[in-house]
Amino acid sequence: MNELSASSRITYRAVMVRPGLARRIRGLSDRMLAWLFITPTIVLLLAINIFPLLWTIYLSFTNYRANRANVPTIWLGADWYQSILTDPDIWAAMQVTAHFVIWTVVIETVLGFGLAYLIDKKFRGHGMWTTIILLPMMLSPAVVGNFWTFLYQPQIGLFNYVVAFFTGRAASSFQMLGDVTLSPWAIVIVDAWMWTPYVMLICLAGLRSIPDYIYEAAEVDRASKWRQFWSITLPMALPFIMLAVLFRGIENFKMFDMVNLLTGGGPGSTTEVASITLKRAAFESWRTGYSSAFAIILFVTVFGLANIYVKALNKVKSR
Amino acid sequence: MKRTMKTLAVSCGAVAAALGVGAGTTPAQAQGKTITLCWAAWDPANALVELSKDFSAKSGIGMKFEFVPWTNYADRFLNELNSHGSLCDLIIGDSQWIGGAAENGQYVKLNDFFKKEGISMDDYMPATVVGYSEWPKNTPNYWALPAMGDAVGWTYRKDWFARPDVQKDFKAKYGREIGVPKTLDELKDIAQFFQGRDIDGKKVYGASIYTERGSEGITMGVSNYLYDYGFKYDDPKKPYAMDGFVNSPGAVKGLEAYKELYKCCTPPGASNSYMSEGLDAFKSGQVALQMNFFAFFPGLYKDPNVGGDKIGFFVNPAGPAGQATQLGGQGISVVSYSKNQAEALQYIKWFSGGDVQKKWWALGGYSCAKSVLNDPSFPGSAPFAKEFLQSMGMVVDFWAEPSYAQLLQAEQKRVHDYVVADKGTAQEALDGLVKDWKAIFKEEGKKF
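In this report, the structure presented in the accompanying data block is examined. (Residues numbered from 1 in each chain as written. Chains lettered and ligands numbered in written order. Predicted model: local features only at pLDDT ≥ 70, side-chain atom pairs only at ≥ 80, totals over all residues.)

**Some thoughts on the overall build of chain B**
Scanning chain B from terminus to terminus reveals 19 helices and 13 strands. A globule of 448 residues ought to have a C-alpha radius of gyration of about 22 Å, and chain B, at 24 Å, matches this closely. In terms of its C-alpha atoms, chain B occupies a principal-axis envelope of roughly 90 × 55 × 40 Å. In chain B, the proportion of contacts linking residues at least 24 apart, taken out of those at least 6 apart, comes to 73%. (Helix = DSSP H or I, 4+ residues; strand = E, 2+ residues; numbered from the N terminus. Rg over C-alpha atoms; globule rule 2.2 N^0.38 Å. Contact = placed C-beta atoms within 7 Å.)

Put into structure tokens, the structure is as follows:
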């Protein structure tokens, strides 16, 4: 008895105190025990995830409005889906979203991988540089949105002064957030500034996972650095790069907070990404049925694209 | 045991005090119930906190306040009402909410209460009764007591206007003396005159106007031009018939004029400005003219840098089709989900009192009571009082339909697209607006 471990002693005392319960637990099969443990999680998942999803699907076929609960709910069939898919404003919002997603992902991937490649070459102070590079992604998007609004301010903003310094243009002669041509790029720049470190981190993990002996073998075979990069580094880091692209793609497809704070979707509707359109329909117009249908369309789009992408990712991994 | 309980009570009190529990409530809370009043976080709300201390002292009912910044005000409180929340016992809700709040049973109808307590709507300025209390409009169905009168007005830099160099240059350029603009054309001339001008070694700009996209900003701004150029929401003889009224030739010209003012005479980066951006631009000495709600004028007048003798106030100038201004302001309503309706009604009764209304104005709130506004001493009681009175006589409000938010969003988009983002023509913008509004009303089952 004295040689029993602490946990065994606790179990022993519990058995001694409540023999009935212990017997009952002892009588459970492994399968039952497994169910016992995962049931709370499943219930929680059903309550906060699956049920709302099913409810949203139901609402998307009705005229329901959350602010008019006393109005009878009418079944509309696929009317909202048809109206959304034929609405030019929705397609405009989807185009804005596509522009934002594609450019942010391209820029963040190129820069993120480049930075990871540099950081991977261990040099003096690389730890400090890694920390400094990672700082933007540690900030809240709300904070980032607010302070970039000031940075972009034509009269007092640092960004305009830097551009003015290098180009010779007057700082107040252009406005990043109020100009139809520049504002889509303004939000891309901020997102790239904030999330490139995240891509870098994932790519760095990929680069660090490549065993040194492969490079050593390549050196023995007198492969050039260029050849090593194309034949070893890039193919072996590719699954990680693709993973980073997937994460950033999904995240930016549903981007809301930062864009809302920077431009509010403006000027006009120039930077109105799909999630801002959705928020306006759901919580300003209170068109709950309509916005549910739009949310489902967005969900299916992201889910479908992500699935195709994951299949491609698996193919790359299995190579 | 008794001693232990006493010690426990004292300890709990000490802990509560240390944690600041009860902050925001008055000592009267301990004597009776506490009610919560919800409003926007701005200067008049502070005045109301001060004023409400009298109510607590008199009634023994404690007051709690839930103030939310304007940018989140509608989102926060409409969510609260739509979710049948009981956070607010009293709410000072925006004028456009009244249709939805009345039809969805979110506000308590006050007719019987007014009758019982002898509160008459004849004692309030007619525009405020229609704007803040009635639904349907122009019918004796009251859902709020007019609480905070407000309208869009203008401020200008009186000290700049008084400079000899400015006066000389202006006269040389426009052939007339610089002064408070009587028309929107004169206003544009003044704004253009100051745009890019050097004042005491600092580059200044013409005017700060509303251009905000996200909530209601640009609509609240452009309306002041549209009304003066002949825009009407619908045919006065045929409700909801909008063709030729919303997109009339006059309205098109009004929209073009607003865009011209935005393009020629606003500071760089003013593509998303509303109340606070306007205040910042004026207070920092960037602009000669500022469009903003009267509610901010007491604070601006007290400003050490641009207030006092340096600031002047004027009403929205006239346009080719007349003179009108956008209504702001709110009424105070009892939330139907409140568990303290009796106390909330008691507050409304107290608030309607003549002396309370006088004190409300004195503290920085804008009373809607005739007893205050028609007092012969009122126009001289503040540098902007005369202009406020004049504005309240010519106010026009946006739709107050239950679908007002959708109607507002449509105008925000159409107008911002044209004015700021240079998309299409003014005619296309207003034709598009008619199309959007028709679709919304059709969805609502309206016939037109």
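**Concerning the interface of chain B and chain A**
The interface of chain B with chain A comprises 22 residues on the first partner and 24 residues on the second. Those elements that place two or more of their residues in the side of chain B that touches chain A are α3 (70-82) and α18 (404-419) of chain B. Ranked by the residues each element gives to the side of chain B that touches chain A, the list is headed by α18(B), at six residues. Of the residues belonging to the side of chain B that touches chain A, the class tally is five nonpolar, 11 polar and six charged. (Nonpolar A, V, L, I, M, F, W, Y, C, P; charged D, E, K, R; others polar.)

**A word on the nonpolar core**
With 134 residues, the main nonpolar core has B:Leu90, B:Trp143, B:Ala191, B:Ala207, B:Leu255, B:Ala288 and B:Leu289 as its most contacted residues. Setting aside its immediate chain neighbours within four residues, B:Ala191 contacts B:Gly206, B:Ala207, B:Leu261, B:Cys265, B:Ala288 and B:Leu289. In this structure, A:Phe113, A:Ile119, A:Ile202 and A:Ala295 belong to the second largest nonpolar core, which totals 48 residues. (Core = buried A, V, L, I, M, F, W, Y, C linked by C-beta atoms within 7 Å. Buried ≥ 20, exposed ≤ 12 C-beta atoms within 10 Å, placed from the backbone.)

**Things to note about the pairing of strand β9 (residues 287-293) of chain B**
Residue and element names in this part refer to chain B. Along β9, seven of the seven residues are buried, which leaves the element largely enclosed by surrounding structure. One ladder, built from five bridges, connects strand β5 (residues 152-157) with β9; its direction is antiparallel. Note that in β9 the partner of Thr155 across the bridge is Gln290. Of the strand pairs in this sheet, strand β8 (residues 205-208) and β9 are connected by three bridges, and their pairing is parallel. Each residue of the ladder has a partner; that of Ser208, found in β9, is Gln290. (Pairing = 2+ DSSP bridges.)

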